Every structure is written in C-alpha cells, then in structure tokens.
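A look at the structure
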Amino acid sequence: MAASVLLRKVRPTFALKSGLLKSARGPENAKVVTCAFSTSRARSVKFFDSPTDAVRDIKDDSTVLVGGFGLCGIPENLIGGLLETKARNLTLVSNNAGVDDFGLGLLLRTRQVKRMISSYVGENAEFERQYLTGELEVELTPQGTLAERIRAGGAGVPAFFTPTAYGTLVHEGGAPIKYNSDGSVAITSEPREERMFNGRNYIMERAITGDFALVKAWKADKMGNLTFRKAARNFNPPMAKAAKITIAEVEEIVESGAIPPEDVHVPSIFVQRVFKGDKFEKRIERLTLTKEKTDDKPKSAAAQLRERIIRRAALEFQDGMYANLGIGIPMLASNYIRPGITIYLQSENGILGLGPFPR
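Scope of this entry: the structure provided in the associated data block. Please read these numbers as outputs of a predicted model, since none were measured by experiment. (Residues numbered from 1 in each chain as written. Predicted model: local features only at pLDDT ≥ 70, side-chain atom pairs only at ≥ 80, totals over all residues. Heavy atoms only, no water.)

1. So, the pattern of salt bridges
Enumeration according to the criterion identifies 20 salt bridges in this entry. Residue R151 is joined to E148 by a salt bridge in which the shortest nitrogen-to-oxygen separation is 2.9 Å. Of the two residues, R151 and E148 are both situated in helix α5 (residues 143–155); the distance of three residues between them amounts to about one turn of the helix. E316 serves as the salt-bridge partner of R312, at 2.8 Å between the closest nitrogen and oxygen. We classify E316 as partly exposed; its relative accessible area is 46%. (Salt bridge = Lys/Arg side-chain N within 4 Å of Asp/Glu carboxyl O. Helix = DSSP H or I, 4+ residues; strand = E, 2+ residues; numbered from the N terminus. Buried < 20%, exposed > 50% of the residue type's maximum accessible area, 1.4 Å probe, protein only.)

2. Overview of the environment of G224
Mapped onto the elements, G224 comes out in the loop between β15 (210–221) and β16 (226–227). Look at G224 and you get buried, because its relative accessible area is 0%. Here the alpha-carbon distance between G224 and S44, two residues 180 residues apart in the chain, equals 8.3 Å. Contact partners of G224, with chain neighbours within four places excluded, come to V45, V266, S268 and V271. (Contact = heavy atoms within 4.5 Å.)

3. Focus on unusual backbone geometry
Comment: phi is negative for the bulk of residues other than glycine, and the bulk of peptide bonds are trans. Phi is positive for N89, close to 55°, though the residue is something other than glycine. If you trace the backbone, N89 turns up in the loop between α2 (76–85) and β7 (90–93). One non-glycine residue with positive phi stands out, namely K230, at about 50°. Its location among the elements puts K230 in the loop between β16 and α7 (236–241).

4. Some remarks on the sheet that holds strand β14 (residues 200–206)
Strand order in this open sheet of three strands is β10-β14-β13, and the pairing throughout is antiparallel. Unpaired on one side and paired on the other, β10 (159–162) and β13 (194–197) mark the two borders of the sheet. Neighbour to neighbour, the strand axes of the sheet diverge by 40° on average, direction disregarded. Pairing between β10 and β14: four bridges, direction antiparallel. What sits directly across from F160, in β14, is E205. Here α5 sits on the sheet in contact with β10 and β14, set at roughly 155° to β10. (Pairing = 2+ DSSP bridges. Axes fitted to C-alpha atoms, helices over the stretch in contact; angles between N-to-C directions.)

5. Focus on the packing of aromatic side chains
How two aromatic rings sit relative to each other is given by the distance of their centres and the angle of their planes. Tallied over the full model, the rule gives four aromatic pairs. Between the aromatic rings of Y131 and Y179, the centroid separation amounts to 5.3 Å while the plane-to-plane angle is 65°, which identifies the pairing as edge-to-face. Here Y179 lies in strand β11 (residues 176–179) and Y131 lies in helix α4 (residues 125–132), a separation of 48 residues in the sequence. With 5.3 Å between their ring centres and 65° between their planes, F161 and F197 make a pair best called edge-to-face. Within this pair, whereas F161 is found in strand β10, its partner F197 is found in strand β13, the two being separated by 36 residues in sequence. Chaining the aromatic ring pairs together yields one cluster made of F161, F197 and Y202. Geometry around F280 places K216 over its ring, the cationic atom sitting 5.1 Å from the centre. (Phe/Tyr/Trp six-rings, centres within 6.5 Å; stacked < 30°, edge-to-face > 60°. Lys NZ or Arg CZ within 6 Å of the ring centre and 35° of its normal.)

This is how it looks when you write it as structure tokens:
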C-alpha cells in the first residue's frame, strides 16, 4: 500500500518507489510523493516424500551446487534422485567429486556430468579417467577460493580479490579444463584480472551461483529452517544461499520453533524444498585407526618415507602454535608433537581440536 502527500505550489511531480526517486508530470501546482514498501511474494517450503520427485525439474545443462566435504554431509539420496531422472550435461559445483561407487561418483559413472568445479578430487579414479581422456571438463579451484566464490554468490557480490593462486596458472590462464581424446588441450582457463592492495598482489575471482543447490542438513522445521550437525555443515550453508532453488535432504523434520533461533544455520527464506530421508549410508572414505604398539608388522618403504618427512616437519611446532593440517601427510603431524608443548590443530574442514586417529 502506498501513502501519498499532496503539496501545493510546486511544479514538478516526483514519485518515490522502492528507494528510487523518479520525476513525473502532474498538475501545475502539485507534488505527489509516493512511498512504497518492497516485499517478497507469499511463499512456503514444499515437503517431498521422494528424492526423485524433489529433483525432477532439474533439467539438462543445469548448474547444480552440491554440499559436502568428501563424503561427509553429502545429499546422498538427492544424488540418487538425479540418477533416476537422468538429467545430463550438468555443471556440478562441489568441493569433491565423490568416490567411484558413491556420491557424485555415481553421476560421473552414468555420464551425466559435463563440467566439475571442484577443489580436491583425488579419491575418484573414474573422474581422473574421464578428465584425461577428454570426456569431462574440470575447473580446479583452491579450496578457500571455492568457498568464498560460493559465499559471494549468495551475498550478491559479483567478484572479489584474493592473494591465493597469484602467479600460478589460475592467475595467468592456461590451466587445462578439457583435453582432446589425443591428449592435447581443448579448453584452457582464462587469465584473472590482477591488482595490488597495500603492497600485496591479488587476483580477481568471480562469484558462483547455481540453478539448484542440493544440501544435506540434520534437521528442518516445518517452516524450512535448517540446522546442521558438526562437520557436516561444511559447504552446505553457503551453497543453500547461492542457488535459485535449494533442495534440502534432512534426517528429521521438527515443529516450527523447535530449533532455537541461534541454531538456525540456514533460514527458511533460502530453502524451497525439503526431503526427509529414511536411509543414510554415511560412508567413510578411508577408515583409519590408531595402530597398537604391539603391532610388529613392518612398514613399507613409502610409509617410512612419509613418517620421516612428517617427523621432521613436526619439529617446527612451538608451544602455543595453531596449525592447519591439510589432507594426506600433514594429518600425521598430530602423532609426533613433542611432549610438554600444546599445539592447537585445525583440520582442513575447519575443525579445531584434531587429534590422533581413533581407536
């Protein structure tokens, strides 16, 4: 509803609507000021009993953001729904590409993926094969940059500057995105704009948005508010905010108000559909346990080399340090912290308090 005020003895007429001041012609001696309130249309979250029905309108050539970190927090049932609908030529944005027989690896196996925009893809042999033989386009992006590109997309920020990857192929262009079948490069990455701020070099990265986002949450209430459990939050919240349509796979649906406001990680305004799963496999990519000291099985030459490298690296720790441990050899550093010092370890997915392998 608009409110109008009539003022005498003023020639031009102005209309103020949605924050914009526009001139208009009116009576010779009148001025009309119109103030309008901008609102969204009425909407409600739709709840689905079938993952296939929830993703049925994802068409060929769509861009789909898929939450998860490794196999943790992936919308495994919604991915299964895409297997049923057989949507093809998809551009998938995900930190990982699943494994050969689970997660996004299933969509790769059925040739439904045209391009992957990812960070760490080292656990999927089929991904590697398709990329190197020219069957799959791959845009590799530094992990933090990927997270920020998605977050920026959800915040309406079209681009940003980062020092990460300055001076590399990401910056200069020429990184292979697609190969020909003969091994030559068919498509390469474009060079990034560069600028200097406060004496440091940066490159510009564009935001990422999607037609759809598939996310995995712990709980949804009946309004569609989402909360995530521990490390399963990862890439899910920013992806939920960066897509036109967000489809959430959840383990529980609770009454509105049952999730405390401070625990709502994604408000319902960002969520269009909710599907409650009945079965979650929740695979572990590589189950690794702490070996008992009584285990006298000799170590391989490769294992001895890795241990020697990380033992040396662990000597750099000083009392009170914070250390970020990437996947692979760095994760072993927690086994070789010197007695008598305290080191705060952060894992690649942001968890503080990382320790040795579980028993």
